[in-house]
Amino acid sequence: MCTASHPTSHHLVKLHDVTSTRKVIGKGAYGRVIEVYVQGTLCAAKEVHPILVDGITPAELDSIKQSFLTECVNASRLHHPNVVQMLGIYYCTPEAKLPWLVMEMMECSLTSFLKKYKKEEVPLYIKLSVLLDTSQGLEFLHGQNIIHRDLSSNNVLMTKHCVAKIADLGVAKVMNHSQMKTQTQVPGTLHFMPPETLLLKPRYSKPVDVFSLGCIACHVMSHQWPEPKDLLLEDSLTALRGAETR
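Here goes a summary of the coordinates provided. (Residues numbered from 1 in each chain as written. Predicted model: local features only at pLDDT ≥ 70, side-chain atom pairs only at ≥ 80, totals over all residues. Heavy atoms only, no water.)

Moving on, we get to the overall build of the protein chain. On a plain count of helices and strands, the protein chain comes out with five helices and ten strands. Restricting the contact set of the protein chain to residue pairs at least 6 apart, pairs at least 24 apart contribute 58%. Counting only carbon and sulfur atoms, one obtains 56% of the accessible surface of the protein chain, whose full area is about 14,000 Å². (Helix = DSSP H or I, 4+ residues; strand = E, 2+ residues; numbered from the N terminus. Contact = heavy atoms within 4.5 Å. Areas by Shrake-Rupley, 256 points an atom, 1.4 Å probe, with all protein chains shown as cover.)

Taken as a whole and judged by the stated rule, the model has three aromatic pairs. Summarising the aromatic geometry, the rings of F192 and W225 are spaced 4.9 Å apart at their centres and angled 75° between planes, so their arrangement reads as edge-to-face. Linking F192 in the loop between β10 (173-174) and α4 (206-222) with W225 in the loop between α4 and α5 (231-244), this pair joins segments that are 33 residues apart in sequence. On the accessibility criterion, F192 (0% relative accessible area) is buried. (Phe/Tyr/Trp six-rings, centres within 6.5 Å; stacked < 30°, edge-to-face > 60°. Buried < 20%, exposed > 50% of the residue type's maximum accessible area, 1.4 Å probe, protein only.)

Quick look at the pairing of strand β2 (residues 31-38) now. Sheet faces and side chains relate simply in a regular strand, where the side chains alternate between the two faces. Where strand β1 (residues 18-27) meets β2, six bridges bridge the pair, whose relative direction is antiparallel. In the sheet register, V18 faces β2, and the bridge partner there is V38. Note that β2 and strand β3 (residues 41-48) share eight bridges and pair antiparallel. Counterpart to V33 in the pairing with β3 is K46. Linking β2 back to β3 in an antiparallel pair, the connection comprises two residues, with Q39 at a positive phi of about 50°. (Pairing = 2+ DSSP bridges.)

Attention now moves to the pattern of salt bridges. Taken as a whole and assessed by the stated rule, the structure comprises three salt bridges. A salt bridge links K46 to D168, with the nearest nitrogen and oxygen atoms 3.3 Å apart. Residue K46 is found in strand β3, and its partner D168 is found in the loop between β9 (164-166) and β10; the two are separated by 122 residues along the sequence. Taking the relative accessible area as the measure of exposure, K46 reaches 15% and is therefore buried. Note on D168: relative accessible area 36%, which makes it partly exposed. Between K165 and E104 there is a salt bridge whose closest N-O contact spans 3.1 Å. Of this pair, K165 sits in strand β9 while E104 is found in strand β5 (residues 100-104), placing the two residues 61 residues apart along the sequence. (Salt bridge = Lys/Arg side-chain N within 4 Å of Asp/Glu carboxyl O.)

Taken together, three strands build an open sheet; the order of strands is β6-β8-β9 and the sheet is antiparallel. Unpaired on one side and paired on the other, β6 (108-109) and β9 mark the two borders of the sheet. Bridge analysis of strand β8 (residues 156-158) against β9 gives three bridges, and the strand direction is antiparallel. Bridge pairing in β9 links L157 to K165. Packing of helix α3 (residues 124-143) onto the sheet brings it into contact with β8 and β9, and relative to β9 it is tilted by some 30°. (Axes fitted to C-alpha atoms, helices over the stretch in contact; angles between N-to-C directions.)

Nonpolar side chains in soluble globular proteins tend to end up buried together. Formed by 24 residues in total, the largest nonpolar core has its most connected members in L78, L110, L141, L151 and I216. Put simply, the parts of the chain that give this core at least two residues each are α2 (110-116), α3, β8, β9 and α4. Examining the composition of this core, we find that six residues originate from one element, α3, more than from any other. Apart from residues lying up to four places away in sequence, L78 is in contact with V83, Q85, F140, L141, Q144, I146 and L169. Counting 16 residues, the second-largest nonpolar core is a separate cluster that includes V48, C72, A75 and M106. (Core = buried A, V, L, I, M, F, W, Y, C linked by side-chain atoms within 4.5 Å.)

Once that is clear, we can look at a nonpolar patch on the surface. Judged by side-chain polarity, L124, L128 and M221 come together as a nonpolar surface patch covering roughly 270 Å² of accessible area. Positionally, L128 belongs in helix α3. Overall, the relative accessible area of 46% leaves L128 in the partly exposed class. (Patch = residues over 30% accessible without salt bridge, like charges linked within 9 Å, V, L, I, M, F, W, Y side chains within 5 Å.)

It is worth spelling out helix α1 (residues 58-76) at this point. Taking 1.5 Å per residue, 19 residues should reach 27 Å; α1 reaches 26 Å between its end C-alpha atoms and fits that length. Here α1 has its buried residues at F68, L69, E71, C72, V73, A75 and S76. Its buried side turned inward, α1 meets β3, β4 (86-90) and β5. (Expected span 1.5 Å × (residues − 1).)

Written out as structure tokens, the structure reads:
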């Protein structure tokens, strides 16, 4: 099934007996998630949009591939009951530029769970359990010096037993204590991001994730998608949405 049990930056768990059902179970800015079977076990696979790697130079492709594989390595080293477990990578064809990122199958996202049920239909103990699970998963990531940077109800997944797990570490960065990286883009879900991340050159640190966790708590308790009410922030969001559609 695999070629290594302890992956390094140059050696990842490579899966071979993977079959796609062609069912798309999720979509995002950078790719989609499809349903697959790994040696008969139902799993999920993250596939990067081909358009992101088409028409670029070999040097650019190499850079993107290295970043993606680094993401895979980082994810494969994370073992916690409240973080979605990565199982390995799979090249669907010999010519594939990037592999699929194969992970455990989850029932649904927290967003879809909250849409499915009315506020009064979900017992308080379940809501508190979901928030505790998410908090414990985030505490673990921060303990590994990983900032998620896109924590939202979309990226918290649920099992059929209502266990919550943090997913999609695609924009997560390993925090360098000696030098915080300055970013020029807002990588997260805007309604879950603190106002300071809308600055031209925001700095990301653990409190950004904590703010997002607070937004998730509001969403869980109210079943209403977070909506910023500050007029300046609303104007900023409107401008950013316009830029995203160009």
